[in-house]
Amino acid sequence: AAPPARAAPAAEAAPAPEPAKPAADPAKKLTAEELTKKLTNLWEEFLNVRDAKELFLSLEEFAGQVEDKAAMHKQLVEMGVQLILDKSSEKDGESITNVLVEAVKKGLASWEVLTAPIAEQMAVMEDLMLDIPMAPKLMANLVASAITESSGALTIELVKTLTEPIEDIFSRRDVAVPIFQKLKAKGPLMKMVMDTKFDVKPLLLDEPGPAELKEFLEKEGLSALWVE
């Protein structure tokens, strides 16, 4: 008699699927602390790779988790202005300035939003210079870039607005002169003066009188500011 047929081996049970990871809830909003951390990381990553396009793409990625996008963009700008001073590096300052100006051009913030934190730093510039000697030079590049890139929304009068609160005339000159020099390097300074009928004398005139100021401006390469 033929031997009995062997029973087919039982099929191995398929492994149970791993539980799916819960998807990020798009409705879940970032806390203020989480947003600050993300923006801090965003700036740090930018300074590592110097890729502004990537920064704005990353910003867009988590924008859906933010209740108030205007407030987020304002915070990005404020952090950028502070970072220029914290890094105390012309290279970093130039890179951050480019991002801040681009943020305004993209409509993420206004020129007023950008100049507000600059004005706050200028208000304490006399003390700031003691801790960060490069502060006037770092802020000068930012202010000059904002003016020249704003298509007329900001003018040379901004220099007066920002530096007039500095009471000591020598400190005021130390802060204003680098801005004027940057403006001269970036565009026709004489045209900026003539377009607004800008008068530098009330801003930088010292006790010795107009002759001293005229000589001072010539020495600084800023004769274009002198209007009789």
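None of these values were measured; they are calculated from a predicted model. (Residues numbered from 1 in each chain as written. Predicted model: local features only at pLDDT ≥ 70, side-chain atom pairs only at ≥ 80, totals over all residues. Heavy atoms only, no water.)

## Some points on the overall build of the protein
Test applied: Here a strand is any run of E in DSSP of at least two residues, a helix any run of H or I of at least four, and the numbering for each starts at the N terminus. For each residue, the accessible area found with a 1.4 Å probe, counting protein chains only, is set against the maximum for its type, and the residue is called buried under 20%, exposed over 50%, and partly exposed in between. In what follows, a contact means two residues having at least one pair of non-hydrogen atoms within 4.5 Å.
Helix and strand counts for the protein stand at 12 helices and zero strands. In the protein, the succession of α and β elements from N to C terminus is α-α-α-α-α-α-α-α-α-α-α-α. Taken across its 228 residues, the protein has 41% of its residues classed as buried. Long-range pairs, those at least 24 residues apart, make up 69% of the contacts in the protein between residues at least 6 apart in sequence.

## Quick notes on the nonpolar core
Under the convention used in this document: We call a set of buried residues a nonpolar core when its members are Ala, Val, Leu, Ile, Met, Phe, Trp, Tyr or Cys and they connect through side-chain atoms within 4.5 Å of each other.
By size, the foremost hydrophobic cluster in this structure holds 70 residues, and its most contacted members are W43, L114, I156, F180, L183 and L225. Sort the elements by how many residues they give to this core and helix α7 (residues 135–149) lands first, with nine residues. If sequence neighbours within four positions are ignored, L225 has contacts with I156, F180, L189, V193, F198, V200 and L217.

## Overview of a negative patch on the surface
Selection criterion: Within the patch definition used here, like charges are joined within 9 Å and nonpolar side chains (Val, Leu, Ile, Met, Phe, Trp, Tyr) within 5 Å, considering only residues with over 30% relative accessible area and no salt bridge. The accessible surface values rely on the Shrake-Rupley method and a 1.4 Å probe; as for residues, cover is taken only from the protein chains in view. The working definition used for a salt bridge is a side-chain nitrogen of Lys or Arg within 4 Å of a carboxyl oxygen of Asp or Glu. Lys and Arg are tallied as positive, Asp and Glu as negative. Neither His nor the chain termini are counted. To locate a charge, take NZ of a lysine, CZ of an arginine, CG of an aspartate or CD of a glutamate.
Side chains of E126, D127, D131, E167, D168 and D174 sit close together on the surface and give a patch of like negative charge. If one sorts the elements of the negative patch by residue count, helix α6 (residues 125–131) sits on top with three residues. If you trace the backbone, D174 turns up in helix α9 (residues 169–186).

## So, a nonpolar patch on the surface
A contiguous nonpolar patch, built from M190, M194 and V227 and spanning about 260 Å² of accessible area, is present on the exposed surface. According to the relative accessible area criterion, V227 is partly exposed, its value standing at 32%.

## What about the packing of helix α2 (residues 52–63) against helix α3 (residues 69–87)?
Two measures define how a pair of helices packs: the angle their axes make with one another and the distance between the axes. Here is the rule: Note on geometry: axes are lines fitted to C-alpha atoms, helical ones only across the stretch in contact, with angles between N-to-C directions running from 0 to 180 degrees. We call a crossing left-handed when the near helix sits turned anticlockwise from the far one by less than a right angle, and right-handed when that turn is clockwise. Following the grouping adopted for this structure description, the nonpolar residues are Ala, Val, Leu, Ile, Met, Phe, Trp, Tyr, Cys and Pro, the charged ones are Asp, Glu, Lys and Arg, and the polar ones are all others, Gly among them.
Where α2 contacts α3, the axes come no closer than 11 Å and their chain directions differ by 145°. At the point where α2 passes α3, the crossing takes the right-handed sense. Every residue of α3 that contacts α2 at L59, F62 and A63 is listed here: K69, M72, H73 and L76. In terms of residue class, the contact of α2 with α3 is built from five nonpolar, one polar and one charged.

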